[in-house]
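Read off the chains here:
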Amino acid sequence: MSKLLLRGRVLTFVDEPKSIDDQSAYSYFEDGAVLVDNGKVVDVGEYAALASVAGPQALIVDHRPHLILPGFIDTHLHFPQTQAIASYGAQLLEWLNTYIFVEEQKFSSTAHADFIAGRFMDELLRNGTTSAAAYCSVHRTSVDAYFAAAEKRNMLMIGGKVMMDRNAPDALRDTPQSGYDDTKTLIAKWHGRGRAHYAISPRFAITSTPEQMEMSRALVREHPECYVQTHLSENKDEIAYATSLYPSAKDYTDIYANYDLLGSKTLLGHCIFLSDREIATLAETKSVAVFCPTSNLFLGSGLFDQGRFKELGARTSVATDVGGGTSFSMLETMSEAYKVLHVQGQRLSPFASYYMMTLGNARALGLEDRIGSLRAGADADITILDSRAKPAMELRMRTATTLAEELFILQTMGDDRSVSEVYVAGKPMKSGLDKAAASHG
Ligand code: GUN
Ligand code: ZN
């Protein structure tokens, strides 16, 4: 494979911005370039300097005037809910029963799972997301479909079979033993194969019996290399029900703590109504609270208080939570994150937003050596952004004078149309998708 030199305005983070104008947190090259070889970033810097390093054989792709960023990372979503986005009128528990547990039954069909898995990966890429952590359905074959679709595109993806053995329709229930066995089989098959990472996935305390939680504990103990993903404290009725099912737990967080499910590889979706004690437990165990703004607004769940997590030293990440979430776009997600924090008197700066979608989420996953930045040696997962992709954006951009303003306009007005290209391990993917979209009719 020959060297690739991507030319454009390059933005990549080295740390979390400490203030609205903290320039030490990022590198920005106005006439910049990223040199890619064999799927990896070789170097990043000024175009003129890199052009001479790259040599005459390198293929130069001129993305000017667009921005070149690391691919976006989504730390929580549900691949079987791709066709259930925008299901009307219900809060969490009713929404799960009315729409989601009906939709997820379709994934007993391998053909359906294969079809949706392919479209799901393409939709992520179309939106500039190159890596994600997703729940599959309870069916083992849905995990095969998911990782096979990721492998075909060479995407770094995290995923796992949902385990649930109560409070769900018969067709969606496993048992403590079958959930354990299937998870073991899937870890052996997929974890560490190519770019795949497995996440042990008890859905949440309501849908797992104490016996299944015990089995989850065993899986985590036997596979410390895997992630754990579950849901925590999203909705008030959910909290009341979960804690009633585990009466000896101090609170909702304590349910997971009692089964040793908290840790630095644990991703906890939502975390809206946690007490200081619970947040302190997340901080102590280094667990990650996942902020899902479009979902929290859409399901009428509540407002994530990111400031409190920061104050108490707990880790956070950000995610779409499709299909409770309403968009695959991390740009649209950050637009809603801004609003959720704004209404609570917190101000999310544009640079902090782009940090969160890239290096911040990579750090939350412990994958900052591989993804989330364009440092030398990183995987060449790259997103190209066009700030003038829509007429209204073009008009608005005429008045923008700073990079911060441009980033904020992109986040507030942008969507998949603002992603002009996306590279996965150095391979351009978006043009192929546009052709496929045209043929979907
Ligand atoms: N809690 C348990 N399952 C789910 C789910 O699928 N979506 C959301 N938003 N919350 C959940
Ligand atoms: Zn979720």
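The structure this text deals with has already been given above.
Residues numbered from 1 in each chain as written. Chains lettered and ligands numbered in written order. Predicted model: local features only at pLDDT ≥ 70, side-chain atom pairs only at ≥ 80, totals over all residues. Heavy atoms only, no water.

Student: Before we go on, may I ask you to explain the overall build of the chain in this structure?
Tutor: Scanning the chain from N- to C-terminus turns up 16 helices and 16 strands. Scaling as 2.2 N^0.38, a compact globule of 441 residues should have a C-alpha radius of gyration of about 22 Å, and the chain matches this with 21 Å. Based on the C-alpha atoms only, the size of the chain along its principal axes is roughly 65 × 45 × 40 Å. In the chain, buried positions account for 60% of the 441 residues. Restricting the contact set of the chain to residue pairs at least 6 apart, pairs at least 24 apart contribute 75%. Of the roughly 16,400 Å² of accessible surface on the chain, a fraction of 52% belongs to carbon and sulfur atoms. Of note, the chain has its 43 positive side-chain charges centred 3 Å away from the centre of its 54 negative side-chain charges. (Helix = DSSP H or I, 4+ residues; strand = E, 2+ residues; numbered from the N terminus. Rg over C-alpha atoms; globule rule 2.2 N^0.38 Å. Buried < 20%, exposed > 50% of the residue type's maximum accessible area, 1.4 Å probe, protein only. Contact = heavy atoms within 4.5 Å. Areas by Shrake-Rupley, 256 points an atom, 1.4 Å probe, with all protein chains shown as cover. Lys, Arg positive; Asp, Glu negative; His and termini not counted. Charge placed at Lys NZ, Arg CZ, Asp CG, Glu CD.)

Student: Any chance you could explain the site of ligand 1 here in plain terms?
Tutor: What surrounds ligand 1 is a group of 13 residues, the closest being His78, Gln81, Arg203, Glu234 and Asp321. In the model, an oxygen atom of ligand 1 is placed 2.7 Å from a nitrogen or oxygen of the Arg203 side chain. Between Glu234 and ligand 1, the recorded distance is 2.7 Å, taken from a side-chain N or O atom to a nitrogen atom. Looking at the shell around ligand 1 element by element, the count peaks at three residues for helix H2 (residues 92-103). (Near = heavy atom within 4 Å. Polar contact = N/O pair within 3.5 Å; in protein donor to acceptor, adjacent residues only side chain to side chain.)

Student: How do you make sense of the coordination of the zinc ion (ligand 2) when you look at a structure like this?
Tutor: Six octahedrally arranged donors around a metal ideally form angles of 90 or 180 degrees; four tetrahedrally arranged donors ideally form angles of 109.5 degrees. Around the zinc ion (ligand 2), the protein contributes the donor atoms His76 (NE2), His78 (NE2), His231 (NE2) and Asp321 (OD), which lie 2.0 to 2.5 Å from the metal centre. Considering all four donor atoms around the zinc ion (ligand 2), angles at the metal cover 86 to 165° and the coordination shape is irregular. All donors to the zinc ion (ligand 2) come from one chain, and their sequence spacing reads H-x1-H-x152-H-x89-D. The residues His76 and His78 share a single accessibility class, namely buried. (Donors = N, O, S within 2.8 Å, 3.2 Å for Na, K, Ca; no water. Tetrahedral: all angles 85-135°; square planar, octahedral: opposite > 155°, others 65-115°.)

Student: Looking at this model, I keep getting lost on the pairing of strand E5 (residues 72-78). Mind explaining?
Tutor: Successive side chains on a regular strand alternate, one facing one side of the sheet and the next facing the other. E5 sits mainly inside the fold: seven of its seven residues count as buried. Here E5 runs beside strand E6 (residues 129-135); their pairing, made up of five bridges, is parallel. Among the inter-strand pairings, Phe72 is bridged to a residue of E6, identified as Thr129. (Pairing = 2+ DSSP bridges.)

Student: Which parts of the structure should I look at to understand helix H4 (residues 140-153)?
Tutor: Owing to its 3.6 residues per turn, the α-helix brings residues three or four apart onto one side. Between its first and last C-alpha atoms H4 spans 21 Å; for 14 residues at 1.5 Å apiece the expected length is 20 Å, and the two agree. Of the residues making up H4, those classed as buried are Ser142, Val143, Asp144, Ala145, Tyr146, Phe147, Ala149, Ala150 and Arg153. Considering only its buried residues, H4 is in contact with helix H3 (110-126), E6, strand E7 (157-160), helix H5 (176-190), strand E9 (196-202) and strand E15 (419-424). Count one or two residues on from H4 and you reach Asn154, which has phi positive near 60°. (Expected span 1.5 Å × (residues − 1).)

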